[in-house]
Amino acid sequence: MIQPFTPDPIRFVAEDGQPLLPLPERYKPELLRELHTLMLRAREFDRKLVTLLRQGRTTFYAQSSGMEATQVGLARSIRAGHDWLWPYYRDHTLALALGMPMLELVSQMLGSNSDTCRGRQMPHHFASRKLNLASISSSIASQVPPAAGTAMAQKYLGTDEITVCTFGDGATSEGDWHAGVNMASVNRAPCLFVCENNQWAISTNLSGQTASENIHIKARAYGIPGFYVDGNDIVAVMEVCTHAAEWVRAGNGSALVECLTYRVGSHSNADADAEKFYRTREEVGEWLGRDPIARLEKLLEHLGHPVLAAERADLIARTHKEVDEVVMQAEATGQPDWRIMFEDVYSDLPDHLREQESFLRAEQTGVQL
Ligand SMILES: Cc1ncc(C[n+]2csc(CCOP(=O)(O)OP(=O)(O)O)c2C)c(N)n1
Ligand SMILES: [Mg+2]
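Residues numbered from 1 in each chain as written. Chains lettered and ligands numbered in written order. Predicted model: local features only at pLDDT ≥ 70, side-chain atom pairs only at ≥ 80, totals over all residues. Heavy atoms only, no water.

The name given to the protein in an unreviewed UniProt entry is 2-oxoisovalerate dehydrogenase subunit alpha, with Deinococcus xinjiangensis as the source organism. Looking at the Sequence similarities (unreviewed entry) heading of the UniProt record, one finds this comment for the protein: "Belongs to the BCKDHA family." A UniProt comment under Function (unreviewed entry) is attached to the protein, and it reads "The branched-chain alpha-keto dehydrogenase complex catalyzes the overall conversion of alpha-keto acids to acyl-CoA and CO(2). It contains multiple copies of three enzymatic components: branched-chain alpha-keto acid decarboxylase (E1), lipoamide acyltransferase (E2) and lipoamide dehydrogenase (E3)." (UniProt positions renumbered as here; feature names shortened; annotations may be inferred.)

Colleague: Would you explain the coordination of the magnesium ion (ligand 2) in this entry?
Modeller: Put simply, the ideal angle at a metal is 109.5 degrees for four donors in tetrahedral geometry and 90 or 180 degrees for six donors in octahedral geometry. Around the magnesium ion (ligand 2), the protein supplies Asp 169 (OD), Asn 198 (OD1) and Trp 200 (O) as donor atoms, at distances of 2.1 to 2.2 Å. Every donor residue of the magnesium ion (ligand 2) comes from the same chain, spaced as D-x28-N-x1-W. Placement of the pair is Asp 169 in the loop between strand 2 (163–168) and helix 6 (175–186) and Asn 198 in the loop between strand 3 (191–197) and strand 4 (200–201), with a sequence separation of 29 residues. Here Asp 169 matches Asn 198 in class, with each residue buried. (Donors = N, O, S within 2.8 Å, 3.2 Å for Na, K, Ca; no water. Helix = DSSP H or I, 4+ residues; strand = E, 2+ residues; numbered from the N terminus. Buried < 20%, exposed > 50% of the residue type's maximum accessible area, 1.4 Å probe, protein only.)

Colleague: In this structure, what is going on with the sheet that holds strand 6 (residues 226–230)? I would like to understand it.
Modeller: Backbone-to-backbone hydrogen bonds join strands into a sheet, with any given pair of strands oriented parallel or antiparallel. Spatially, 1-2-3-7-6 is the arrangement adopted by the five strands of the open sheet, whose pairing is parallel. Each edge of the open sheet is held by one strand with a lone partner, namely strand 1 (84–86) and strand 6. Between one strand axis and the next, the sheet turns through 20° on average, direction left out of account. By the bridge criterion, six bridges tie strand 3 to strand 7 (residues 255–260) in an arrangement that is parallel. Pairing of Leu 192 across the sheet is with Ala 255, part of strand 7. This element, helix 2 (residues 68–75), spans strand 2, strand 3 and strand 7 of the sheet and lies at about 165° to strand 3. Of the strands in this sheet, strand 1, strand 2 and strand 3 are in contact with helix 5 (residues 144–157), which crosses strand 2 at around 165°. (Pairing = 2+ DSSP bridges. Axes fitted to C-alpha atoms, helices over the stretch in contact; angles between N-to-C directions. Contact = heavy atoms within 4.5 Å.)

Colleague: For this particular structure, what's the right way to read the domain arrangement of the protein?
Modeller: Accessible area lost when the parts come together is the quantity often used to give the size of an interface. The domain boundaries assigned to the protein delineate domain 1 (29–336) and domain 2 (337–369). Each of domain 1 and domain 2 was reduced to a C-alpha centroid, and the two centroids are 37 Å apart. Listed as interface residues are four residues of domain 1 and, on the opposing side, six residues of domain 2. A class-by-class count of the residues in the side of domain 1 that touches domain 2 yields one nonpolar, one polar and two charged. (Domains from an automatic or database assignment. Nonpolar A, V, L, I, M, F, W, Y, C, P; charged D, E, K, R; others polar.)

Colleague: Explain the nonpolar core here, please?
Modeller: General note: in soluble globular proteins, nonpolar side chains tend to be found buried as a group. Membership of the largest hydrophobic core comes to 72 residues, with the highest contact counts inside it found for Phe 45, Leu 192, Ile 234 and Val 257. Among residues more than four places away in sequence, those in contact with Phe 45 are Tyr 61, His 92, Leu 96, Met 102, Leu 105, Val 106, Met 109, Thr 319 and Val 323. Counting residues in each nonpolar core, the second largest holds 20 residues, with Met 152, Ala 171, Phe 193 and Ile 224 among its members. (Core = buried A, V, L, I, M, F, W, Y, C linked by side-chain atoms within 4.5 Å.)

Colleague: What should I look at first to understand the pattern of salt bridges in this one?
Modeller: Opposite charge on two side chains allows them to pair when their charged atoms are near. For the structure on display, the rule yields 25 salt bridges. Arg 33 is paired through a salt bridge with Glu 311; the nearest N and O atoms lie 3.4 Å apart. With Arg 33 in helix 1 (residues 29–54) and Glu 311 in helix 12 (residues 309–332), this pair connects stretches of sequence that are 278 residues apart. A salt bridge links Asp 230 to Arg 295; its shortest N-O distance comes to 3.1 Å. A residue pair is termed long-range when its members are at least 10 positions apart, and Asp 230 in strand 6 and Arg 295 in helix 11 (residues 292–302) qualify at 65 residues. (Salt bridge = Lys/Arg side-chain N within 4 Å of Asp/Glu carboxyl O.)

Colleague: Where do I start with the site of ligand 1 in this structure?
Modeller: The local shell around ligand 1 holds 16 residues, among which Tyr 88, Tyr 89, Arg 90, Gly 170 and Trp 200 are the closest. At 2.6 Å from an oxygen atom of ligand 1 is found a side-chain nitrogen or oxygen belonging to Tyr 89. About the coverage of ligand 1: the protein hides 72% of its 580 Å² of free accessible area. (Near = heavy atom within 4 Å. Polar contact = N/O pair within 3.5 Å; in protein donor to acceptor, adjacent residues only side chain to side chain. Areas by Shrake-Rupley, 256 points an atom, 1.4 Å probe, with all protein chains shown as cover.)

Colleague: What should I look at first to understand the packing of helix 1 against helix 8 (residues 234–252) in this one?
Modeller: For any two helices packed against each other, one specifies the inter-axial angle together with the distance between the axes. Interhelical geometry of helix 1 versus helix 8 gives an angle of 105° and a closest axis separation of 11 Å. By the angle between their axes, helix 1 is roughly perpendicular relative to helix 8. In this structure, helix 1 contributes Leu 31, Leu 32, Leu 35 and Met 39 to the contact, and helix 8 contributes Ile 234, Val 235 and Met 238. (Parallel < 35°, antiparallel > 145°, perpendicular 65-115°, else oblique.)

Colleague: Would you mind going over the environment of Arg 354 with me for this structure?
Modeller: As for its position among the elements, Arg 354 is in helix 13 (residues 351–365). Between the alpha carbons of Arg 354 and Phe 342 there is a distance of 8.7 Å; along the sequence they are 12 residues apart. Discounting chain neighbours no more than four positions away, the residues touching Arg 354 are Asp 348 and Leu 349.

Colleague: Honestly, the packing of helix 2 against helix 8 in this entry has me stumped. Any pointers?
Modeller: It is the contact of helix 2 with helix 8, at a shortest axis distance of 8 Å, that shows an interaxial angle of 40°. In terms of orientation, helix 2 lies oblique with respect to helix 8. Seen from above, helix 2 lies across helix 8 with right-handed handedness. Residue-level inspection shows Ala 69, Thr 70, Val 72, Gly 73 and Leu 74 of helix 2 in contact with helix 8, the latter providing Ile 234, Val 237, Met 238 and Cys 241. Classifying every residue of the contact of helix 2 with helix 8 gives seven nonpolar, two polar and no charged. (Left-handed = near helix turned anticlockwise from the far one by under 90°.)

Colleague: Looking at this structure, I do not really get helix 6. What am I missing?
Modeller: Count 3.6 residues to each turn of an α-helix, and residues three or four apart come out pointing the same way. In this model, helix 6 (12 residues) spans 17 Å end to end at C-alpha, consistent with the 16 Å of a helix rising 1.5 Å per residue. The set of residues buried in helix 6 consists of Trp 177, Gly 180, Val 181, Ala 184 and Ser 185. On an axial view of helix 6, the arc spanned by its buried residues comes to 125°, and they lie on one face. Of the exposed residues in helix 6, the ones pointing more than 90 degrees away from its buried face are Gly 175 and Val 186. For helix 6, the elements touching its buried residues are helix 5, strand 2, strand 3 and strand 7. Backbone geometry just downstream of helix 6 places Arg 188 in the positive-phi region, at approximately 50°. (Expected span 1.5 Å × (residues − 1). Arc of directions from axis to C-beta.)

This is how it looks when you write it as structure tokens:
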């Protein structure tokens, strides 16, 4: 039933919550409730982290509000801790839905001693060895060639793991994107490419980004299937991503999924007032009206399992408390010692780093060189 290259995004649930297609068996109220919890938890996580940013306790954050169905849906379509991931900076909702502990994520954002990277990455550039989730790079699309390489290794080793590589719409204009997608495709490597098309790359909109009619059509040039899905419809995202992931896992080669969604917040804290400079309040208002969480709530109501106002309020309060607690726990571990920046790369420090280390040591201890 799921076909590539559809003219319109594949959709299972209408904006008013009515099913457009019969819902597959697995969407029992329990599963839909669980997805709702993951999405609302992520939305509130965003709200709390923006506050943390404003308090100056972290220095970089890129919200995923409005994109929860895409990221949670993708997380629930792959095998957590088994498949490999090369995500991008906006994917914290994907990481949380895969089971990354909130303390680990927040520790990275605060650069505290409890951070597994020990403060050596830019905030919001997390990694997880347990989840096979590679450290995020700020350079747009730079994760695509290594994702192709990972998938090629999986093919040669004959594992049943797949590689999942996510990126924004803007990333598809980068040379790295084309080199990586071509390499994975021509080698029939098990790589699932997922475009989180939120229709803006900072201040460049989709029509300023590409002359292609959409993103998934680019898959044609590489001889792989390109699926088009409504990224604000969690059922559709799970159905399409599960189908594509299993097609890839079965040894057919790579595939591309385009999830059409929208970033309702600013690009990051480096872009605080998007509506003033490059997009209209009307456009944002229109997409706020297509909220993925509200759509799932309407579906649950239609199915006779509404999320009660008190349940919703309780989940929000619990998430806020959870964030407050992990922030306190992370901050209580303190900041990493400056010396750790010279560890874990070279067994013998090269001369130029030795020099920098002694310079810093002198500065820290107040000793004149
Ligand atoms: C190679 C490179 N060029 C430019 C930038 C600056 N930059 C940071 S985010 C971004 C937009 C990316 O947009 P998109 O891929 O659509 O992802 P989104 O942020 O919308 O989720 C740009 C141009 C960068 N980080 N790396
Ligand atoms: Mg974008």
